[in-house]
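Per-entry structural report
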Amino acid sequence: MLIDPESQIAMDAVTGAVAEWSEDVVTLDVMPLYEKVEELEQYVNDMMRAMDPSTTTWGTLPGREGVHETAGFLTNFAHGFVIGTMIVALVAFTLAAVYKLHALRLLGL
C-alpha cells in the first residue's frame, strides 16, 4: 500500500512495516489467502471427524451432537425389523404348509 507517492514511501499491509517503495519489488497480500486456508482447514478437520458418529459436522446448529449415531441406530433398527418380520413370515408360512400337508395325510386326503 503506497503511503506517499512523491517521497516513495510504502507500508506493508500484513506486517505494518514502512519502507521505501520501488517498482522492482513485488509484495503480495496473503491475508485473503490465509482466510481461505483456514476455511479449508476446517473442512479437512470436519472430514477427518466424519467417521465418528458421536460428533457433529462443522457449521451445524448447536445441540446436534450424536445425530449421526441416532440416525444409524434407527436405520439399523428399521432394517432389522423388516428382515425379522420377513423371516418370521417365512417360518410361519412354511410351518403352516407342513402342518396342512400333515393334516391332509392324517385325514387321508
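The rules behind these values
- Residues numbered from 1 in each chain as written.
- Predicted model: local features only at pLDDT ≥ 70, side-chain atom pairs only at ≥ 80, totals over all residues.
- Heavy atoms only, no water.
- Helix = DSSP H or I, 4+ residues; strand = E, 2+ residues; numbered from the N terminus.
- Contact = heavy atoms within 4.5 Å.
- Areas by Shrake-Rupley, 256 points an atom, 1.4 Å probe, with all protein chains shown as cover.
- Phe/Tyr/Trp six-rings, centres within 6.5 Å; stacked < 30°, edge-to-face > 60°.
- Buried < 20%, exposed > 50% of the residue type's maximum accessible area, 1.4 Å probe, protein only.
- Patch = residues over 30% accessible without salt bridge, like charges linked within 9 Å, V, L, I, M, F, W, Y side chains within 5 Å.
- Salt bridge = Lys/Arg side-chain N within 4 Å of Asp/Glu carboxyl O.
- Expected span 1.5 Å × (residues − 1).
- pLDDT = per-residue confidence, 0-100.

1. Digging into the overall build of the protein chain
Of the regular secondary structure elements, the protein chain holds two helices and three strands. When the elements of the protein chain are put in sequence order from the N terminus, they spell out β-β-β-α-α. Within the protein chain, residue pairs in contact and separated by at least 24 positions form 0% of the contacts whose partners lie at least 6 positions apart. As presented, the protein chain carries roughly 9,700 Å² of accessible surface, and 68% of it is formed by carbon and sulfur atoms.

2. Looking at the packing of aromatic side chains
Two aromatic rings are characterised by how far apart their centres lie and by the angle between their planes. Per the stated rule, a full pass over the model turns up one aromatic pair. A ring pair is formed by phenylalanine 73 and phenylalanine 77, whose centres lie 6.3 Å apart and whose planes are at 25°; its orientation type is stacked. Of this pair, phenylalanine 73 and phenylalanine 77 both sit in helix H2 (residues 67–107), four residues apart, which is roughly one turn of that helix. Each member of the pair, phenylalanine 73 as well as phenylalanine 77, carries the same accessibility label: exposed.

3. Re a nonpolar patch on the surface
A surface patch of nonpolar side chains, amounting to about 700 Å² of accessible area, comprises Phe73, Leu74, Phe77, Phe81, Val82 and Met86. Positionally, phenylalanine 81 belongs in helix H2. Given a relative accessible area of 55%, phenylalanine 81 falls into the exposed group.

4. Description of H2
A rise of 1.5 Å per residue sets the reference length of H2, with its 41 residues, at 60 Å; its end C-alpha atoms lie 59 Å apart and thus fit the reference within 8%. Positive backbone phi, approximately 80°, marks glycine 108, located one or two places after H2.

5. Considerations on the confidence of the model for the protein chain
When pLDDT is averaged across the protein chain, the result is 79; 74% of the residues are at 70 or more. Taken element by element, the predicted model of the protein chain shows its lowest mean pLDDT in strand E1 (residues 2–4) (62) and its highest in H2 (90).

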